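Working through the structure, step by step
For reference, the chains in residue letters:
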Amino acid sequence: MIDAALGSEDAATKERGVPRARALSSILQRINDPFAFRARPDLAPFVNWKENATAPIHRWLRYREAYSPHLIRALALGDRILDPFCGCGSILIGAAQEGLASTGIDVNPLAIFAARVKLTPLSKPQLLAIQSFVVEMEPRVAGAAPWPVPALGIASKVFEPDILTTLLQIRALYEHDFASDPGARDFMHLAWVAILETVGSYFKEGNGIKYRNRKRVKSGYILRPEGRWQDERFGPDQRRFTIDAFLAHVKMMLHDARFWKSGCWKDQAAIKGSVLDMDRLLLGRTFDSIVFSPPYANRFDYFESMKVELWFGGFVDSYHATNQLRKTSLRSHLAADLARPYAAIEPLEKLIDLMDRDASSWRMGVPSLLRGYFDDMRTTLKHCRNVLTSGRCHIVVGNSAFAGIIIPTDALLAKIGLECGFSRAEILVTRHLTVAPQQRNQLSSLEDHMRESVVVLS
Ligand SMILES: C[S@@+](CC[C@H](N)C(=O)[O-])C[C@H]1O[C@@H](n2cnc3c(N)ncnc32)[C@H](O)[C@@H]1O
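None of the values given here were measured: they were computed from a predicted structure. (Residues numbered from 1 in each chain as written. Predicted model: local features only at pLDDT ≥ 70, side-chain atom pairs only at ≥ 80, totals over all residues. Heavy atoms only, no water.)

**Overview of the nonpolar core**
Here is a general trend for soluble globular proteins: nonpolar side chains tend to be buried in one another's company. One finds Phe159, Phe187 and Phe246 to be the most contacted residues of the largest nonpolar core, which totals 159 residues. Ranked by residue count, the leading element in this core is helix 17 (residues 366–387), at 9 residues. Taken domain by domain, this core gets at least three of its residues from each of domain 1 (11–109 + 264–457) and domain 2 (124–260). Those residues within four positions of Phe159 in sequence are excluded, and the remaining contacts are Leu164, Leu167, Leu196, Val199, Gly200, Ser201, Tyr202, Val308 and Phe312. (Core = buried A, V, L, I, M, F, W, Y, C linked by side-chain atoms within 4.5 Å. Buried < 20%, exposed > 50% of the residue type's maximum accessible area, 1.4 Å probe, protein only. Helix = DSSP H or I, 4+ residues; strand = E, 2+ residues; numbered from the N terminus. Domains from an automatic or database assignment. Contact = heavy atoms within 4.5 Å.)

So, in structure tokens, the structure goes:
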């Protein structure tokens, strides 16, 4: 789930690298020293999206930042769980299936929409109406007047023309047929949003989207022959490809709907908003377990990689609205509100002092990102402490590397947690991460500090 964000180094900086590595090693040691580290490779499969990709209900929307509901059992969570960065609702759905109660918060309207659809069982008549729609849809598509194209500048670039028209015709049909049944309409809409990347001329990669007409080779990207890549990807009939993708997705969701028959779906709440407003959003609710995976301090801007789904799904309708979302999100990326004040954390300042000033990440403002990130996490942990009546708070997080230094996010969060009123902190190391090739020379002796962990505060 994480990649180290990197800067480059010139020869002079490399010469300075040895004393820096020594200084870095001793600061990292001092940050780690107060904490017990325990290897827990058994948790590694649960801290990423992989398991959810094939799990009923979870698989309705690919949310590559997600983790697994198996964490509920693996971490022995209680029966009133809070996930303040709940994303597409992995823990909430897991809690429903286990008969527990949970509350989630997320700033991303698409994530909250997906979580709510998954958590809202439809009635038998609603499922039957959707089944009939599926059976009757295909011959109706060509005659439907397309739904309006969103005002996203790249709207015509991210879909082939026939695919775009077909998508918008399908949307017009279900918006019309289910206009008086919001539950069924949202079910269809989730299926529609979920297939956009499958039928699109783009795919999510790294910190954004890439176009399918480009192929990555060693020296960069080359253009794939026009006409050929479309045939390879979509086959000869793009309208057919789009209809098939949509119908297959709705059928899969209908098939999974039987999992709604057991479990406790009413006791789960997915709230749209920022974790920084947690006290206002939770209205006095308290919990006996908290688990979350915040965005990592790695510069990834989820609103950039999900922009097609956000615009086409109608979750944003202007660039201003998109930027507002970015500003409300955690300061883990460069488009967040980095101008907001922060309270300095002493060991973080020491790490920032060691950063390579020639690195692009330094010039782009990564120090402000890091200061804002840990300040936001301090606010989050204070709120968590206040709403936790008993039990533990678990943070799934990965460390990162920038401009010749490593940020030990897990140990820094453990330290901040203790400052926020928790009395014990332990770090469960699930796996080790690699640093990108440009940084390997400088950080070769320190790669052990690149970890993905679960910080446990009690
Ligand atoms: C690593 S993902 C968590 C995914 C989640 N565990 C799941 O299984 O879907 C981090 C989440 O934090 C959310 N986020 C970012 N800033 C936030 C904020 N200020 N308040 C609440 N959520 C935020 C993102 O939208 C994203 O869904």
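**Topic: unusual backbone geometry**
Of note in this structure, Ala76 is not a glycine but carries a positive phi near 50°. Along the chain, Ala76 turns up in the loop between helix 2 (71–74) and strand 2 (80–83). What makes Ala76 exposed here is its relative accessible area of 57%. Even without being a glycine, Ala403 presents a positive backbone phi close to 45°. Looking at the element boundaries, Ala403 is found in the loop between strand 11 (400–402) and strand 12 (405–407). Looking at Ala403, the relative accessible area reads 2%, which means it is buried.

**What to know about the environment of Leu122**
In this structure, Leu122 sits in the loop between helix 4 (109–118) and helix 5 (124–141). A residue is classified by how much of its surface remains accessible, and Leu122, at 10% relative accessible area, is buried. Sequence separation of Leu122 and Pro41 is 81 residues, and the distance between their C-alpha atoms is 38 Å. If near-sequence neighbours (up to four positions away) are discounted, Leu122 is found in contact with Leu127, Ile130, Gly183, Ala184, Phe187 and Trp260.

**Description of the domain arrangement of the protein chain**
What the domain assignment reports for the protein chain is domain 1 (11–109 + 264–457) and domain 2 (124–260). Once you take the C-alpha centre of each, domain 1 and domain 2 turn out to be 31 Å apart. Listed as interface residues are 23 residues of domain 1 and, on the opposing side, 33 residues of domain 2. A salt bridge links Asp256 to Arg59; the nearest nitrogen and oxygen atoms lie 2.6 Å apart. At the junction of domain 1 and domain 2, the tally comes to 13 residue pairs in polar contact (both at pLDDT 80 or more). Contributing elements (two or more residues each) for the side of domain 1 that touches domain 2: helix 12 (302–305) and helix 13 (307–312). Here the element with the most residues in the side of domain 1 that touches domain 2 is helix 13; it accounts for 5 residues. (Salt bridge = Lys/Arg side-chain N within 4 Å of Asp/Glu carboxyl O. Polar contact = N/O pair within 3.5 Å; in protein donor to acceptor, adjacent residues only side chain to side chain.)

**Examining the packing of aromatic side chains**
Throughout the structure, instances matching the rule amount to 13 aromatic pairs. Centroid distance Trp60 to Trp260: 5.5 Å. Interplanar angle 85°. Geometry classified as edge-to-face. Of this pair, Trp60 sits in the loop between strand 1 (36–39) and helix 2 while Trp260 sits in the loop between helix 10 (238–256) and strand 8 (268–272); the two residues are 200 residues apart in sequence, bridging distant segments of the chain. Of the two residues, Trp60 and Trp260, neither departs from the other in class, the shared state being buried. The ring of Trp192 has Arg171 lying over it, and the distance from NZ or CZ to the ring centre is 5.2 Å. (Phe/Tyr/Trp six-rings, centres within 6.5 Å; stacked < 30°, edge-to-face > 60°. Lys NZ or Arg CZ within 6 Å of the ring centre and 35° of its normal.)

**Quick word on the pattern of salt bridges**
This structure, assessed with the given rule, holds 31 salt bridges. Close ionic contact of Arg280 with Asp277 constitutes a salt bridge, the shortest N to O distance being 3.4 Å. Look at Arg280 and you get exposed, because its relative accessible area is 55%. Its relative accessible area of 31% is what places Asp277 among the partly exposed residues. Connected through shared salt-bridge partners, Arg331, Asp337, Arg340, Asp375 and Asp376 make up one network.

**Concerning the pairing of strand 5 (residues 208–211)**
Pairing of strand 4 (residues 202–205) with strand 5, which is carried by 4 bridges, proceeds in the antiparallel orientation. Directly across from Lys204, in strand 5, lies its bridge partner Ile209. With antiparallel pairing between neighbouring strands as the criterion, strand 4 and strand 5 make up a hairpin whose turn holds 2 residues, including Gly206 at a positive phi of roughly 55°. (Pairing = 2+ DSSP bridges.)

**Some thoughts on the side chain of Ser274**
With respect to the secondary-structure elements, Ser274 resides in the loop between strand 8 and helix 11 (278–282). Every residue in contact with Ser274, bar those within four places of it in the chain, is listed here: Ile105, Val107, Leu281 and Thr328.

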